[in-house]
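Here is how the chains run, residue by residue.
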Amino acid sequence: QLQASGGGLVQAGGSLRLSCVASRNIFSINVMGWYRQAPGKQRELVATITGASRTNYADSAKGRFTISSDNAKNTWYLQMNTLKPEDTAVYYCHFRVPSAYTRDYWGRGTKVTVSS
């Protein structure tokens, strides 16, 4: 239900833009996000945005990454600038439907490789 795209190979200092399209509408209560998992490490939060456009960033993403959404297109983005080799990971998009029974959806992941 989530389709992520935009990963690839980039040199350090470069930029990439990830996109995630959901097969369902985005409402203000929803929370969309990006997580990443580097080899041998646990999955970690990168950034989140609510359907009402409230954002939250991991310290590692602040000042370099920007999360945004286009609710009319059921799509959210992660603009990544000034990439570093330590940003190399598989990036997963996430969609949360808060309710009495919260539901979480995950995309398959898109690989980002930053060469030094």
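Residues numbered from 1 in each chain as written. Predicted model: local features only at pLDDT ≥ 70, side-chain atom pairs only at ≥ 80, totals over all residues. Heavy atoms only, no water.

Overview of the side chain of Asp87
Following the sequence through the fold, Asp87 ends up in the loop between strand E8 (75-80) and strand E9 (89-97). Judged by relative accessible area, which is 0%, Asp87 ranks as buried. Here the side chain of Asp87 touches Arg64 through a polar contact of 2.7 Å, side chain to side chain. Dropping the residues within four chain positions of it, Asp87 is found in contact with Arg36, Arg64, Phe65, Thr82, Val112 and Val114. (Helix = DSSP H or I, 4+ residues; strand = E, 2+ residues; numbered from the N terminus. Buried < 20%, exposed > 50% of the residue type's maximum accessible area, 1.4 Å probe, protein only. Polar contact = N/O pair within 3.5 Å; in protein donor to acceptor, adjacent residues only side chain to side chain. Contact = heavy atoms within 4.5 Å.)

A look at the state of the cysteines
Counted by the stated rule, this structure contains one disulfide. The side chain of Cys20 participates in a disulfide bridge whose partner is Cys93; the two sulfur atoms lie 2.1 Å from each other. Linking Cys20 and Cys93, the disulfide has an S-S dihedral of approximately 50 degrees and is accordingly described as right-handed. Highlighted residues: Cys20 in strand E3 (residues 16-22) and Cys93 in strand E9, separated in sequence by 73 residues. Relative accessible area serves as the criterion here: at 0%, Cys20 is assigned to the buried category. (Disulfide = S-S within 2.5 Å.)

Some remarks on the pattern of salt bridges
Taken as a whole, this structure holds five salt bridges when the rule is applied. Between Arg36 and Glu44 there is a salt bridge, with its nearest N and O atoms 2.7 Å apart. Take Glu44: its relative accessible area is 36%, and that puts it in the partly exposed class. A salt bridge links Asp59 to Lys62, with the nearest nitrogen and oxygen atoms 3.2 Å apart. Pair check on accessibility: Asp59 and Lys62 agree, each one exposed. By sharing partners, the salt bridges in this structure join Arg36, Glu44, Arg64 and Asp87 into a single network. (Salt bridge = Lys/Arg side-chain N within 4 Å of Asp/Glu carboxyl O.)

Remarks on the packing of aromatic side chains
Using the criterion set out here, one finds three aromatic pairs in the structure. A centroid spacing of 5.0 Å and a plane angle of 70 degrees characterise the contact between Tyr35 and Trp106, whose relative ring orientation is edge-to-face. Linking Tyr35 in strand E4 (residues 31-37) with Trp106 in strand E10 (residues 103-106), this pair joins segments that are 71 residues apart in sequence. Here the aromatic rings of Phe95 and Tyr105 are separated by 6.4 Å at their centres, their planes lie at 50 degrees, and the arrangement is tilted. (Phe/Tyr/Trp six-rings, centres within 6.5 Å; stacked < 30°, edge-to-face > 60°.)

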